[in-house]
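# Observations on the three-dimensional arrangement
Read off the chains here:
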Amino acid sequence: MENVGSKSDEAPGVDYERCGNCRQWIPTRTLNMHKAFCERNNKACLICGLVMKKEDFPNHWHCGLCSTITNLENKTKHLQMVHSPISCTCGEELFLESVPDHRKKICPDRLIICRFCHLLVKAGPISREVRDIYYGSDDKSSTVIPLTEHESECGARTIQCTNCKQQVQLKMVKFHMNVHKIQRRNQKPPVLCSNKNCSKLLSGGRASGNNTENVMELCSSCYTPFWSSRYDQRNQKLIGKVAEKYQNQMTNGCEKDWCFNKYCASSLNPNSVCHNTKLSPTDSAVHLITLLHLSKLVPGGSNPKPEYNLCVVDRVNANRRVVAETMLAPTYQGEIGINKIAWCVKALEECADDLERSSAWLNSFAPTP
């Protein structure tokens, strides 16, 4: 059949008129000739407006159940294929338009690749357990594909969690690991000793329980030289001990060949204020004022957290702090500031100062953005 009707509602020119039968725009000078031919040979369908030859009109058919327009000879085939129920191999009766979705998602006889054993198996019916519907959800999209009976049984096998060493069902692994991610993100950071050259942790470390609280917020090793059983009003005697310690560091040094303290005459630090020489008492006093104001001992100190630059007696302790700041911290894309150093120190402590293992520990257990 042929549609000879117009495709435009606007006249192509001034000298054009529309034919009342086929709705085409015809030049005015030939309109009468066109009408005589068109009305004798063509007819328009009152339902769809399709214009066709009169001899083709009896073969024109509209489906009353859908919007299909076809020839009358295709009527029986259309009704049987589209509007008659089709029996699936699983025994369910459904119409043609529902077959693809049924075979893809619901049909028990469909073949799937099990998400746990990765074998091509017959799906079987959808699991009726409510939690299996939840386990079939996808975090990356809003799609929910419930577990089939095979996947529910296959996913009930257990494996050991690499983080907590608990036995976890395969179908619960994704959600079990999400719990670890939340715990990892919300865990409290370890607290470092306030001495910038010390790597001992006041909390969150293996030996944190050996530390006692003190006004300087130092670990037990760093606080020992300043401890006193006498009552010290306004920490006056303590300030004197700290000043004496700093003065001795800058004028005499600690005489340790591995010291990296910026305020020590024996330091290997290239940024040391002593420049590999012993300072005079006058020069050291200038730095002493700055150092005392970095602590909370002196009234008017602006530093919210006390900060000290004391030499440490333990070589392993000092080296660990240097490695954490210079080698491990630049590779850790996690927290910032002192918390970043604290996590790096904890990683070194957990991995026996092995740099490669410590970096892997940070990626697995420390908080990340």
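Structural data are supplied above this passage.
Here we summarise the structure given alongside this text. (Residues numbered from 1 in each chain as written. Predicted model: local features only at pLDDT ≥ 70, side-chain atom pairs only at ≥ 80, totals over all residues. Heavy atoms only, no water.)

### Points about the overall build of the protein
Applicable threshold: Runs of E in the DSSP output that reach at least two residues are strands. Runs of H or I that reach at least four are helices, and both are numbered from the N terminus. Radius of gyration: C-alpha atoms only; globule rule: 2.2 Å multiplied by the number of residues to the exponent 0.38. Three exposure classes are used, based on accessible area relative to the maximum for each residue type with a 1.4 Å probe and protein chains only: buried under 20%, partly exposed in between, and exposed over 50%. Residues are treated as being in contact if the distance between any of their heavy atoms lies within 4.5 Å. Methods summary: accessible areas were calculated by the Shrake-Rupley approach with a probe of 1.4 Å, and residue burial reflects only the protein chains presented. His is not counted, nor are the chain ends; Lys and Arg add positive charge and Asp and Glu add negative charge. The atoms used to mark charge sites are NZ of Lys, CZ of Arg, CG of Asp and CD of Glu.
Looking only at helices and strands, one finds twelve helices and 14 strands in the protein. At 42 Å, the protein has a C-alpha radius of gyration far larger than the 21 Å of a compact globule built from 369 residues. With the C-alpha coordinates aligned to their principal axes, the bounding extent of the protein is approximately 125 × 65 × 35 Å. Here the protein, with 369 residues, has 34% of them falling under the buried criterion. Looking at the protein alone, contacts between residues at least 24 apart form 40% of all its contacts between residues at least 6 apart. Entry remark: accessible area of the protein is about 23100 Å², with carbon and sulfur atoms responsible for 53%. Averaging the locations of the 47 positively and 37 negatively charged side chains of the protein gives two centres separated by 4 Å.

### Some thoughts on the pattern of salt bridges
To keep things clear, this is the line we draw: The salt bridge definition used is simple: a Lys or Arg side-chain nitrogen within 4 Å of an Asp or Glu carboxyl oxygen.
Scanning the model with the defined rule gives seven salt bridges in all. The shortest N-O distance in the salt bridge between Lys105 and Asp101 comes to 3.6 Å. You can see Lys105 and its partner Asp101 sitting in helix α3 (residues 99-106), four residues apart, about one turn around the helix. The partner of Glu350 in a salt bridge is Lys346, with the nearest N and O atoms 3.5 Å apart. Taken as a pair, Glu350 and Lys346 lie in helix α11 (residues 338-350) at a separation of four residues, close to a single helical turn.

### What about a nonpolar patch on the surface?
Cut-off, in case you're wondering: Candidates for patches are residues over 30% relative accessible area with no salt bridge; among them, like charges are joined within 9 Å and nonpolar side chains (Val, Leu, Ile, Met, Phe, Trp, Tyr) within 5 Å.
A cluster of nonpolar side chains, contributed by Met81, Val82, Ile86 and Leu96, occupies part of the molecular surface with about 280 Å² of accessible area. With a relative accessible area of 31%, Val82 lands in the partly exposed category.

### Considering the layout of surface pockets
Spelled out, the test is: Definitions used throughout: a 1 Å grid over protein atoms alone; a cavity as a set of points that fits a 1.4 Å probe which cannot get out; a pocket as an open set with protein on both sides within 12 Å along at least five of seven lines; a lining residue as one with an atom within 4 Å of a point. Grid points are joined across faces, edges and corners, and a volume is the space filled by probe spheres set on the points.
Each pocket or cavity is described by its volume, and for the largest pocket that value is around 380 Å³. In this structure, the largest pocket is lined by 20 residues; those nearest its centre are Lys196, Asn197, Phe260, Asn269 and Glu325.

### Topic: the environment of Ser280
The cut-off we apply is this: Here a polar contact is recorded for every N or O atom pair within 3.5 Å, except that within protein the pair must consist of a potential hydrogen donor and a potential acceptor, and residues adjacent in sequence are included only if both atoms are side-chain atoms.
Following the sequence through the fold, Ser280 ends up in the loop between α8 (236-251) and α9 (281-293). Since its relative accessible area comes to 30%, Ser280 is described here as partly exposed. Counting along the chain gives 30 residues from Ser280 to Met250, while the straight-line C-alpha distance between them is 8.1 Å. Of note is the side chain of Ser280, whose polar atom sits 3.1 Å from the side chain of Asp283.

### Quick word on unusual backbone geometry
Even without a glycine there, the phi angle at Arg23 is positive, about 65°. Given a relative accessible area of 44%, Arg23 falls into the partly exposed group.

### A closer look at the nonpolar core
Using the following cut-off: Buried Ala, Val, Leu, Ile, Met, Phe, Trp, Tyr and Cys residues form a nonpolar core when they are joined through side-chain atoms within 4.5 Å.
Of all hydrophobic cores here, the largest spans 29 residues; its most connected members are Met216, Leu218, Phe226, Val242 and Tyr246. When neighbours within four sequence positions are excluded, Val242 is seen to be in contact with Met216, Phe226, Leu292 and Leu297. Membership of the second largest hydrophobic core comes to 17 residues, among which are Leu192, Leu328, Leu348 and Leu362.

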